[in-house]
Amino acid sequence: MPLHIALYQPQIPANTGNIARTCAGTHTSLHLIHPLGFSTDDRMLKRAGLDYWPHVDIHYHNSLPAFIEMTEAQTNAQVYLIETYGTRNYTEFDFSDSSQEIYFLFGRETSGLPAEFAQARSSHCLRIPQSEHIRSLNLSNAAAIVLYEALRQQGFARLG
């Protein structure tokens, strides 16, 4: 199943561990873009991912440009940015083509994606509706929400 979660410079090991667990449970690849705000040997990271780490298809990228270069080399890849300032809701996008490589790119917990980078890709910047009482949803919750919408549109293929 060609679904991918990409985390740009994640800082909180528990978030990354929880996302890794979701990826293991959904046959979704996880991409981590350096620099990371923790060591991949971090106890909190391993604890959050529990014993699911052997089932995570994980890829590391040295930088955001290296990640984008990798996706652009694929003829059927689409990168969607998830940001609080996106103008369209995540449910307005069509993720049903299961032959397309779909990457959901999430920014750093404290500052999101670089503004210039996101502005240049505003047509593929989506948001999750939320109240004015918070700045953003928790990263692992946001990743699960968007990922499960794509899985729903694809009929939960390969999931029991």
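Computed from a prediction, not measured in an experiment: that's the story for all the values here. (Residues numbered from 1 in each chain as written. Predicted model: local features only at pLDDT ≥ 70, side-chain atom pairs only at ≥ 80, totals over all residues. Heavy atoms only, no water.)

Chemist: Give me the sheet that holds strand β4 (residues 77-82): which residues, what numbers.
Modeler: Judged by pairing direction, the sheet is parallel, and its seven strands sit side by side in the order β3-β2-β1-β6-β4-β7-β5 without closing on themselves. Lying at the two open borders of the sheet, with one neighbouring strand each, are β3 (58-61) and β5 (88-89). Bridging between β4 and strand β7 (residues 125-127) involves two bridges; their strand directions are parallel. Bridge pairing in β7 places Ile 82 opposite Leu 126. Sheet strands in contact with helix α3 (residues 64-72) are β1 (3-8), β2 (29-33), β3, β4 and β6 (101-106), and its direction is about 165° off that of β6. (Pairing = 2+ DSSP bridges. Helix = DSSP H or I, 4+ residues; strand = E, 2+ residues; numbered from the N terminus. Contact = heavy atoms within 4.5 Å. Axes fitted to C-alpha atoms, helices over the stretch in contact; angles between N-to-C directions.)

Chemist: Tell me about the packing of aromatic side chains, and please be specific about residues and values.
Modeler: Evaluation of the coordinates by the stated rule reveals seven aromatic pairs. Between Tyr 80 and Phe 93 the ring centres are 5.4 Å apart and the planes differ by 80°, which places this aromatic pair in the edge-to-face class. Of this pair, Tyr 80 sits in strand β4 while Phe 93 is found in the loop between β5 and β6, placing the two residues 13 residues apart along the sequence. Each member of the pair, Tyr 80 together with Phe 93, is buried. (Phe/Tyr/Trp six-rings, centres within 6.5 Å; stacked < 30°, edge-to-face > 60°. Buried < 20%, exposed > 50% of the residue type's maximum accessible area, 1.4 Å probe, protein only.)

Chemist: Describe the packing of helix α1 (residues 13-26) against helix α5 (residues 139-153), with residues and values.
Modeler: Orientation of α1 relative to α5, taken along the N-to-C sense of each, is 20°, at an axis distance of 8 Å. Relative to α5, α1 is oriented roughly parallel. Crossing angle aside, the handedness with which α1 passes α5 is right-handed. Contact residues: α1 offers Asn 15, Asn 18, Ile 19, Thr 22 and Thr 26, while α5 offers Leu 139, Ser 140, Ala 143, Leu 147, Tyr 148 and Leu 151. Of the residues belonging to the contact of α1 with α5, the class tally is six nonpolar, five polar and no charged. (Parallel < 35°, antiparallel > 145°, perpendicular 65-115°, else oblique. Left-handed = near helix turned anticlockwise from the far one by under 90°. Nonpolar A, V, L, I, M, F, W, Y, C, P; charged D, E, K, R; others polar.)

Chemist: So what about the environment of Phe 95? Which residues, and what values?
Modeler: Among the secondary structure elements, Phe 95 is positioned in the loop between β5 and β6. Spatially, the C-alpha atom of Phe 95 lies 7.2 Å from that of Gln 154, the residues being 59 residues apart in sequence.

Chemist: So what's going on with the pairing of β1? Residues and values would help.
Modeler: With respect to burial, β1 is a largely interior element, six of its six residues being buried. The alternating pattern of β1 places Leu 3, Ile 5 and Leu 7 on one face and His 4, Ala 6 and Tyr 8 on the opposite face, and all of these are buried. As judged from the five bridges shared by β1 and β6, these two strands associate in the parallel manner. Its bridge partner being in β6, Leu 3 is matched across the sheet by Ile 102. The pairing of β1 with β2 spans five bridges and is parallel. Bridged to Tyr 8 within β2 is Ile 33. Following the backbone out of β1, through α1 and into the adjacent parallel β2, one traces a crossover that is right-handed. (Right-handed = clockwise from strand over helix to strand, strands pointing away.)

Chemist: How would you explain the pattern of salt bridges if you had to name every residue and give the values?
Modeler: Counting across every chain of the model gives two salt bridges. The residue Arg 88 makes a salt bridge to Glu 92 at a minimum N-O spacing of 3.5 Å. Look at Arg 88 and you get partly exposed, because its relative accessible area is 34%. A salt bridge links Glu 149 to Arg 152; the shortest N-O distance between them is 2.7 Å. Note that Glu 149 and Arg 152 are positioned in helix α5 at a spacing of three residues, about one turn of the helix. A relative accessible area of 10% means that Glu 149 is categorised as buried. Note on Arg 152: relative accessible area 46%, which makes it partly exposed. (Salt bridge = Lys/Arg side-chain N within 4 Å of Asp/Glu carboxyl O.)

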